[in-house]
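A look at the structure
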Amino acid sequence: MKKRVKVCFILTAAVVWGLVWSLPAYAAGSCTTKECHAGISTIVPDELQMMQTIKMNGQMHGDPDGCVVCHGGNPKAVKKEEAHKGIPPTLAQAPGPKDYYPDPGSIWVADYTCGPCHPGYVHRTTLSLMNTEAGKIQGNLHTWGLDEVKDYKVPWGNYDIEDKDGSVPYGTTPEYARYMTNMVQMFPKQFPASLKKLPSPTVEEIEKDPRLAGITYQRHECQRCHIGVRGREKRGDYRGMGCSACHILYSNDGYYEGNDKSINKDEPGHILRHRIAGNRKTGGIPVESCNSCHNRGKRIGVSYQGLMEFPYGSPFDAEGDIQPKLHTKRYLFISDDLHHQMDKSREGNPTGGLLCQDCHTSVDIHGDGNIHGTTMGQVEIECSDCHGTPEKYAWELPLGYGDDFGRDFSKGKPRGLADKVLLTDQQFGYPYKKQDGFLISARGNPLGNVVKSGEDVIVHSATGNDFKVPVLKNLALKQAFKDVSAQIAMASVKTHVDKMECYGCHASWVPQCYGCHVKVDYSLNKDGSKKSATDWVASGNARMKNGQTAESKLGSGGIKSPGKISEKRSYLRWEDPVLGINGEGRVSPLMPGCQISYTVIGSDGKMLVQNHIADNPGEAKAVGQDHIPLAIDMAPVQPHTAQREARTCENCHVSHKTAGLGLGNGTFGRKQNVDIVEDLIDAKTGKVIPKRYSIQIPAIPKLDFDWSQIVTREGKQLATVGTHWPMSRAFNKKELDGFLRAGTCMGCHGSMGKKDMWKKVSTEGRLDEKKHMEMMMKMLEYMAAKAKKGQDW
């Protein structure tokens with residue numbers, strides 16, 4: 001398989017389709033007559049080689065418009081029913097469609113449509129997280145306490161999938177291949193060789209083990225976003241399948257705005273227009289297109305735009321109504337990520353934001369031919385790949401820097417610059433000039449749109465803009481940091497750069513939905529029918545030969561399975577994100593992942609379990625403590641909410657919430673494990689006076705601390721921190737001591753930017769308590785001497 005794909009990468013579209021030139025021409029017809037698709041635009045502009053190739057090859061099959069090259073069908077037919085059926089006889093002998101395909105981008109037929117011209121992509125994408133969602137499944141079901149996903153195991157995906165060609169990736173550089181082969185050897189659980197389709201337990205099995213209700217929740221609520229299905233037909237969620245999920249645009253409202261007379265412009269659920277989006281040649285993919293999926297889970301898409309879901313829907317619009325639902329939710333605007341913000345004049349850049357694809361590589365999106373069990377396993381980029389550090393340019397850093405996972409890369413040789421981009425980028429990417437060279441990712445692939453130009457780093461955006469990157473070493477050499485706190489945080493306190501993610505400081509807000517209360521109800525409806533909902537895994541596995549799945553026909557609803565889901569939150573926050581240690585071993589923001597408290601009602605209407613939280617004995621073993629944390633997860637995250645003005649020193653080092661000790665230093669939320677009754681109460685005994693009363697707030701039996709707390713001041717971890725990697729955890733006692741002690745240190749250390757003074761009173765390295773006291777006295781004497789002379793110290 002791998003050798004075949006590598007050979008295919010050498011082929012161009014013209015060569016692949018050139019296989020049909022020796023075939024006899026098929027009598028011409030047309031899909032764009034006035035009776036049919038008159039006015040429809042070509043899939044890419046006519047002047048592009050891609051469109052010229054499509055039309056030339058279409059002509060050989062009796063279709064000068066080239067529609068059959070992607071869609072199949074019969075261009076000679078007059079009636080729609082006949083036109084949308086079968087293929088021309090000549091096409092049966094050539095690479096291309098084997099039937100009529102309404103959505104040629106569907107991953108289930110893409111080997112016959114996109115694949116012949118874009119070899120390797122379909123296989124990579126089929127194994128990628130975009131299709132398997134293996135990490136999401138593992139992370140969520142871990143919080144339900146399922147044994148199969150404990151100890152970082154990733155057994156399940158949306159489909160039965162096997163990586164048949166081994167762990168060496170393809171379509172990458174040798175350096176990347178070596179790097180990732182080593183990663184797979186280090187973390188075999190995070191890079192499984194195969195996945196089984198997520199099981200579908202019966203109601204009877206669930207009633208015996210209510211934890212299995214988590215699979216119903218997963219199948220009904222979480223799995224609609226993978227590219228094997230069309231997804232939910234709601235505002236903001238309209239999209240295609242497979243390749244079309246990203247490369248064919250849908251507006252949030254789902255209305256067609258092209259000139260094809262056959263498409264109803266008043267019916268939601270249609271493409272915006274018949275045009276591929278990809279790179280500068282065809283136009284980049286707008287952020288909103290990514291958000292049809294990336295609005296739940298880590299919520300990185302809507303967060304990048306500055307949006308956080310909120311229940312209120314205010315303010316009112318011109319008709320006096322609350323805001324419309326988007327992705328079935330309403331939103332509050334906080335602040336969009338600085339890369340998304342339009343005004344970049346402070347950096348001397350043009351107006352405009354960066355698209356997701358401007359940072360994320362083809363490997364990040366399509367995968368590398370291996371099965372990845374987590375996002376951090378598939379994504380190859382780090383902030384330092386472009387920005388570098390205050391001491392080193394990006395090209396001076398070794399491969400692996402920032403992608404540590406407990407490894408020490410400090411003695412590695414500089415990664416340098418690349419003279420060429422990957423072969424796939426040469427074939428299908430935009431031909432940017434290399435200038436001094438292409439920058440290289442932490443894992444060894446050239447970044448095809450990022451170049452060194454003199455002392456500058458330039459990011460070429462698919463929008464057509466070119467942006468200068470703030471290079472940290474240049475800022476340090478020129479002492480050009482915006483303020484002294486930035487200089488101290490990034491240049492003076494070197495451990496920040498060495499041990500923290502950049503977004504640990506720069507992501508000053510994170511969406512925090514505390515407490516995920518899920519009810520799964522298997523009882524009957526009032527009319528005696530069974531409660532049920534769309535099962536996205538079952539629907540995606542019920543495929544037709546035209547590439548469509550059970551739910552992809554507009555309004556069909558797909559295959560249903562038993563159970564009805566209800567979901568509520570405890571409370572929402574966005575400010576002062578909690579910090580902890582992520583899977584790479586670096587300090588990172590945390591956000592409530594799946595903080596599941598579940599309630600399950602059986603088929604007879606009786607309560608099987610109420611407000612239950614699972615335990616996580618594996619976390620206790622991982623952090624070396626006797627106390628067993630709860631399975632509710634505070635997940636490490638790259639929240640995509642970076643701001644120019646980073647968190648202040650005080651925002652972290654004097655904040656108990658940031659340290660993981662909870663809102664109010666853990667003083668709130670301590671009675672969640674008992675029923676709260678709000679009625680007439682005897683103030684002496686605490687007893688309820690009326691005999692008939694209602695429980696106002698039912699107990700969550702195991703939860704005797706607030707959702708925002710993950711650790712005690714003594715370093716006892718109370719909740720799970722990440723489910724994917726062994727290094728993720730809360731701060732331990734030693735780290736908490738140092739982290740919170742720093743609040744008393746800022747009076748002196750806030751002057752580290754005054755280098756001349758600091759050199760006179762400081763010593764390199766960490767000091768013990770005695771030497772630290774001596775150093776403080778030395779500084780006081782220095783300051784006193786300066787004051788006596790009337791000088792500013």
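Residues numbered from 1 in each chain as written. Predicted model: local features only at pLDDT ≥ 70, side-chain atom pairs only at ≥ 80, totals over all residues. Heavy atoms only, no water.

Some remarks on the pairing of strand β17 (residues 607–612)
Pairing analysis gives three bridges linking strand β16 (residues 596–601) to β17, with the strands arranged antiparallel. For Tyr598, the partnering residue across the bridge sits in β17 and is His612. With antiparallel pairing between neighbouring strands as the criterion, β16 and β17 make up a hairpin whose turn holds five residues, including Gly605 at a positive phi of roughly 85°. (Pairing = 2+ DSSP bridges. Helix = DSSP H or I, 4+ residues; strand = E, 2+ residues; numbered from the N terminus.)

With respect to the sheet that holds strand β3 (residues 194–197)
Read from one edge to the other, the open sheet built from three strands follows the order β1-β3-β2, with strand pairing classed as mixed. On the outer flanks of this sheet lie β1 (156–157) and β2 (161–162), each paired with one strand and no other. Two strands pair when backbone bridges link them, and β1 and β3 are joined in this way by two bridges, in the parallel orientation. Within β3, the position partnered with Trp156 by the bridge is Lys196.

What to know about the packing of aromatic side chains
Counted according to the given criterion, the structure contains 15 aromatic pairs. Their ring planes at 25° and their centres at 6.4 Å tell us that Tyr179 and Phe409 sit as a pair that is stacked. Of this pair, Tyr179 sits in helix α9 (residues 174–186) while Phe409 sits in the loop between α18 (384–387) and α19 (423–428), and the two are 230 residues apart along the sequence. Here Tyr179 matches Phe409 in class, with each residue buried. When the ring of Phe405 is compared with that of Trp725, the centres are 4.7 Å apart and the planes differ by 50°; the resulting orientation is tilted. Of the two residues, Phe405 is situated in the loop between α18 and α19 and Trp725 in the loop between β21 (719–720) and α27 (733–749); the sequence distance between them amounts to 320 residues. Comparing Phe405 with Trp725 shows no difference in burial state: the two are buried. Put simply, the rings of Phe187, Phe191, Phe405 and Trp725 pair up and form one aromatic cluster. The ring of Phe467 has Lys344 sitting right over it, with the charged end atom 5.6 Å from the ring centre. The residue whose ring lies beneath Arg543 is Trp108, and the NZ or CZ to ring-centre distance is 3.8 Å. (Phe/Tyr/Trp six-rings, centres within 6.5 Å; stacked < 30°, edge-to-face > 60°. Buried < 20%, exposed > 50% of the residue type's maximum accessible area, 1.4 Å probe, protein only. Lys NZ or Arg CZ within 6 Å of the ring centre and 35° of its normal.)

Observations regarding the side chain of Gln672
Positionally, Gln672 belongs in the loop between α26 (649–653) and β19 (676–677). Here the side chain of Gln672 touches Trp707 through a polar contact of 3.0 Å, side chain to side chain. With sequence-adjacent residues up to four places away left out, Gln672 is seen in contact with Ala699, Ile700, Leu703, Phe705, Asp706 and Trp707. (Polar contact = N/O pair within 3.5 Å; in protein donor to acceptor, adjacent residues only side chain to side chain. Contact = heavy atoms within 4.5 Å.)

Topic: the environment of Thr361
Along the chain, Thr361 falls in the loop between α15 (356–359) and α16 (362–366). Sequence separation between Thr361 and Pro446 is 85 residues; the distance between their C-alpha atoms is 9.5 Å. Look past the residues within four positions of Thr361 in its chain and what remains in contact with it is Glu380, Ile381 and Leu447.

Some points on helix α3 (residues 49–60)
Here α3 is twelve residues long and its end C-alpha atoms lie 17 Å apart, about the 16 Å a rise of 1.5 Å per residue gives. Every buried residue of α3 is listed here: Met51, Thr53, Ile54, Asn57, Gly58 and Met60. Phi turns positive one or two residues past the end of α3, at Gly62, with a value near 80°. (Expected span 1.5 Å × (residues − 1).)

Notes on the pattern of salt bridges
When the charged atoms of two side chains with opposite charge come close together, those side chains can pair. The tally for this structure, following the rule as stated, stands at 31 salt bridges. For Asp151, the salt bridge goes to Lys189, with nearest N and O atoms at 2.5 Å. Placement of the pair is Asp151 in the loop between α8 (134–143) and β1 and Lys189 in the loop between α9 and β3, with a sequence separation of 38 residues. Lys189 gets classed as partly exposed once you look at its relative accessible area, which sits at 34%. Residue Asp419 pairs with Lys434 through a salt bridge whose shortest N-O separation is 3.0 Å. Residue Asp419 is found in the loop between α18 and α19, and its partner Lys434 is found in the loop between α19 and β6 (437–440); the two are separated by 15 residues along the sequence. (Salt bridge = Lys/Arg side-chain N within 4 Å of Asp/Glu carboxyl O.)

Describing helix α11 (residues 213–222)
Most of α11 is tucked away: nine of the ten residues are buried. Residues Ala213, Gly214, Ile215, Thr216, Tyr217, Gln218, Arg219, His220 and Cys222 constitute the buried set of α11.

Structural notes on the pairing of β6
As judged from the three bridges shared by β6 and strand β7 (residues 446–453), these two strands associate in the antiparallel manner. Bridge pairing in β7 links Ile440 to Pro446.

Observations concerning the confidence of the model for the chain
In the predicted model, the chain carries a mean pLDDT of 92, and 93% of its residues have values of at least 70. For residues 1–24, every residue scores under 50 in pLDDT, and the model assigns this stretch 52 contacts once sequence neighbours within four places are set aside. (pLDDT = per-residue confidence, 0-100.)

Brief notes about the sheet that holds β16
Pairing in this open sheet of four strands is mixed, and the strands run β13-β10-β16-β17 from one edge to the other. Strands at the two margins of the open sheet, each flanked by one partner only, are β13 (564–575) and β17. Neighbour to neighbour, the strand axes of the sheet diverge by 15° on average, direction disregarded. Pairing geometry for strand β10 (residues 509–521) and β13, over ten bridges, is antiparallel. (Axes fitted to C-alpha atoms, helices over the stretch in contact; angles between N-to-C directions.)

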